[in-house]
Amino acid sequence: MNIKSLINLVTLIFLACFSLNAQVIIDDDDNLIKGEEEERKVFDIAEDGKVRQKIDGVAAVVGDYLITESDLMKFQLDAKEQGIPASERTSCRILERMMENKLFAHHAVQDSLEVPEERVMAETEQQISQMVEQVGSLDKIIEFYGQSSEDDLKTKLYEINLERNLAQMMKSEVVDDLEVTPEETRKFFKSIPDEDVPIFGDELEVAQIVIQPKVPQEQIDKVVDRLNEMRKDVLENGASFVTKATFYSEDKASRSSGGLYTLTRRDSFVKEFKDAAFSLNEGEISKPFESEFGWHILMVEKIRGQQVDVRHILLYPEVTQEAVSEAEKKADKIKKMLEEDELDFKDAAKEFSDEPETRESGGQLINSADGSKRFELAKMDTELYTRVYKLREGEISRVVRDEDRTGKTSFKIYKVTKKIPEHKANFSDDYPKIKELALRQKQLKEVKKWVINKSKDTYIKFNSEYKACEFASDWMKEKI
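Draft legend 1. Seen up close, the overall build of the protein chain. Secondary structure assignment for the protein chain yields 16 helices and 17 strands. Residues classed as buried in the protein chain amount to 48% of the 480 residues present. Within the protein chain, contacts between residues separated by at least 24 positions form 66% of all contacts whose residues are at least 6 apart in sequence. For the protein chain, the exposed surface amounts to about 25700 Å²; the carbon and sulfur share of it is 46%.

Here is the structure:
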């Protein structure tokens, strides 16, 4: 597999396109046929790129899940939107990717993996809100999904999200513990033909200084006391942690799901949060602890191998307008001293920055995608991109007022410490990105091995139209 195919395949595999369960009918010859519902016309993207009209029916069944012709069409359209080459989004290639996802979801159920209902409901509600905001009308969304009411729409999206979560959870069980050694990375890079060595776009290395308003100790004490009262009420009086998180947590992202998060040790949660999550037993509640977002209490709800479901309540002390103004004045003063060469940026970050994660490295930002200091402009977070893309190497930004997802205000000064123009991958300079590609290849190989093994004892059937497909896995073998 060349490097371009690897990147395309990774993108294709993780496209989220899952269908609902529906009635499956098999004829006397054991072939799949359409359901007894009214025939629906769909448009299929043929292998020659032409569009042809056909009747919606069942393309394949994998375990307890089916794939309809309309599902297949939607996945092809999604793949096209993602820029996947036409050769990688033929009906046969797309069908195999969809079948793999169904296989993962099926075996997640067989292995009794559980997805918290609250998390799926929260995702569903958030999706509907986002779609309504984009389209402007709930009725249009209901019509697009072919549903008759808002409740039907929620049911459909819930089942889609449940299946997606199950598949991803099963996939994580397969690949999360995989690692690549430096030697494996070197061999991977050497195996890439010269004409296929990836080209990395323009990149930046960025440092920052973060100035936060000072919080009075009495406000901190007030928040800690409140969290301790909640913790005591749950532990001693049987109060509901979920209810308290829903009503009182100031984490907008998790509040609607009762403060729920699912973590693995690889996830990029703040250290204090992960330390608490993986140090407790099921049912235990942490004492109040501080992170960069505020003060938390955390309850471990369920431990599943390398994954843990936790709920938390986040509160942050009240910050006065006077404290905000003082922080802005401090940031302006530091900016002026930097411009007049009275301060070195790295030294200033170590002395003044209020962000522990970057302070000791002189404010250096780390790309969470690959662990390197480099950010490819084309893939950079939009907010960071707008703040730094015009800066020259060594140039310092204006003071930027920032507000995180909790509403917490801070002031930031950025510096582009290095600019790297578009270039052909180099093993030494681009090691983190090459290592990530090597890991992806290893994960894909492990997924393929798992699929081959699990497909042997899973009920799988095709519509006769797809029996001429050349699949990577032996899907066509008769199952019992």
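Continuing now.
Draft legend 2. Expanded view of the sheet that holds strand E8 (residues 203–211). One open sheet holds the 4 strands; their spatial order is E13-E8-E15-E14, and the pairing between them is antiparallel. Two strands bound the open sheet, and with one partner strand each, they are strand E13 (374–376) and strand E14 (400–403). Pairwise comparison of adjacent strand axes, ignoring direction, gives a mean angle of 50 degrees for this sheet. Strand direction decides the pairing type here: E14 and strand E15 (residues 409–420), joined by 4 bridges, are antiparallel. When the sheet's bridge partners are listed, Val400 is paired in E15 with Lys412. Docked against the sheet, helix H12 (residues 321–339) engages E8, E14 and E15, running at close to 25 degrees with respect to E15.

Draft legend 3. Spatial organisation of the pattern of salt bridges. In total, this model carries 29 salt bridges according to the counting rule given. Taking the shortest distance from any N to any O, the salt bridge between Arg359 and Glu360 comes out at 3.8 Å. On the basis of relative accessible area, Arg359 is assigned to the partly exposed category, the value being 25%.

Draft legend 4. Spatial organisation of a positive patch on the surface. Together, Lys346, Lys350, Lys373 and Lys418 make up a region of like positive charge exposed at the surface. Structurally, the position occupied by Lys346 is in helix H13 (residues 345–352).

Draft legend 5. Layout of the sheet that holds strand E9 (residues 260–264). Taken together, 4 strands build an open sheet; the order of strands is E9-E12-E11-E10 and the sheet is antiparallel. With partners counted over all chains shown, the strands left at the sheet margins are E9 and strand E10 (289–291), one partner each. Across the sheet, the mean angle from the axis of one strand to that of its neighbour is 50 degrees, orientation sign disregarded.

Draft legend 6. Highlighting the packing of aromatic side chains. According to the stated counting rule, one finds 9 aromatic pairs in the structure shown. Taken together, a centroid distance of 5.4 Å and an interplanar angle of 20 degrees make the contact between Phe269 and Phe273 stacked. Taking the centre distance of 5.5 Å and the plane angle of 85 degrees together, the rings of Phe427 and Tyr431 count as edge-to-face. Aromatic rings pair up to connect Phe189, Phe427 and Tyr431 into one cluster. Here the basic side chain of Lys433 rests over the ring of Phe200, its NZ or CZ set 5.9 Å away from the ring centre.

Draft legend 7. Here's a closer look at the side chain of His423. Relative to the assigned elements, His423 resides in strand E16 (residues 423–424). Here His423 falls in the buried class, since its relative accessible area comes to 18%. Among the polar contacts made by the side chain of His423, one reaches the side chain of Asp430 at a distance of 3.1 Å. Not counting chain neighbours up to four residues away, the residues in contact with His423 comprise Pro198, Ile199, Phe200, Glu203, Arg374 and Asp430.

Draft legend 8. View of the nonpolar core. Core analysis: the biggest nonpolar cluster contains 49 residues, and Leu95, Met99, Phe104, Phe462 and Trp475 have the highest contact counts within it. Ranked by residues supplied to this core, first place goes to helix H3 (residues 91–110) with 9 residues. Formed by 16 residues, the second largest nonpolar core is a distinct cluster that contains Ile211, Ile334, Ala348 and Phe411.

Draft legend 9. Structural detail: the packing of H3 against helix H16 (residues 431–455). Axis separation between H3 and H16 bottoms out at 11 Å; the angle between their running directions is 65 degrees. On the basis of their axis angle, the class for H3 and H16 is roughly perpendicular. Of the two possible hands of crossing, H3 and H16 adopt the one that is left-handed. On the side of H3, the interface is formed by Glu100, Leu103, Phe104 and His107, while H16 contributes Val447, Trp450, Val451, Lys454 and Ser455. Looking at the contact of H3 with H16 residue by residue, the class counts come to 5 nonpolar, 2 polar and 2 charged.

Draft legend 10. Here's a closer look at the pairing of E8. Among the 9 residues that make up E8, 9 are buried, leaving the element largely enclosed by the rest of the structure. Residues of E8 alternate between two faces, with Glu203, Glu205, Ala207, Ile209 and Ile211 on one and Leu204, Val206, Gln208 and Val210 on the opposite face, all of them buried. Across 3 bridges, E8 lies against E13 in antiparallel orientation. The residue bridging Glu205 from the neighbouring strand is Arg374, located in E13.

Draft legend 11. Representation of the pairing of E9 in the model. With 5 of its 5 residues buried, E9 lies for the most part within the structure. Relative to strand E12 (residues 307–315), E9 runs antiparallel, the two being bridged by 5 bridges. Looking at E12, one finds that Tyr261 is bridged to Val310.

Draft legend 12. Looking closely at helix H9 (residues 241–248). Three or more residues of H9 are buried, namely Phe241, Lys244 and Ala245. Seen along its axis, H9 keeps its buried residues to an arc of 100 degrees; they face one direction. Its buried side turned inward, H9 meets helix H8 (217–237), helix H10 (252–255), strand E11 (294–304) and E12. Looking at where H9 begins, the residue whose side-chain oxygen comes 3.3 Å from the main-chain nitrogen of Val242 is Ser240.

Draft legend 13. Layout of H13. Among all positions in H13, only Phe345, Ala348 and Ala349 are buried. Projected down its long axis, H13 shows its buried positions confined to an angular sector of 100 degrees, all on one face. Taken together, the buried residues of H13 touch E8, H12, helix H14 (356–359) and E15. The N-terminus of H13 is capped by Asp344, whose side-chain oxygen sits 3.1 Å from the backbone nitrogen of Lys346.

Rules behind the numbers
- Residues numbered from 1 in each chain as written.
- Predicted model: local features only at pLDDT ≥ 70, side-chain atom pairs only at ≥ 80, totals over all residues.
- Heavy atoms only, no water.
- Helix = DSSP H or I, 4+ residues; strand = E, 2+ residues; numbered from the N terminus.
- Buried < 20%, exposed > 50% of the residue type's maximum accessible area, 1.4 Å probe, protein only.
- Contact = heavy atoms within 4.5 Å.
- Areas by Shrake-Rupley, 256 points an atom, 1.4 Å probe, with all protein chains shown as cover.
- Pairing = 2+ DSSP bridges.
- Axes fitted to C-alpha atoms, helices over the stretch in contact; angles between N-to-C directions.
- Salt bridge = Lys/Arg side-chain N within 4 Å of Asp/Glu carboxyl O.
- Patch = residues over 30% accessible without salt bridge, like charges linked within 9 Å, V, L, I, M, F, W, Y side chains within 5 Å.
- Lys, Arg positive; Asp, Glu negative; His and termini not counted.
- Charge placed at Lys NZ, Arg CZ, Asp CG, Glu CD.
- Phe/Tyr/Trp six-rings, centres within 6.5 Å; stacked < 30°, edge-to-face > 60°.
- Lys NZ or Arg CZ within 6 Å of the ring centre and 35° of its normal.
- Polar contact = N/O pair within 3.5 Å; in protein donor to acceptor, adjacent residues only side chain to side chain.
- Core = buried A, V, L, I, M, F, W, Y, C linked by side-chain atoms within 4.5 Å.
- Parallel < 35°, antiparallel > 145°, perpendicular 65-115°, else oblique.
- Left-handed = near helix turned anticlockwise from the far one by under 90°.
- Nonpolar A, V, L, I, M, F, W, Y, C, P; charged D, E, K, R; others polar.
- Arc of directions from axis to C-beta.

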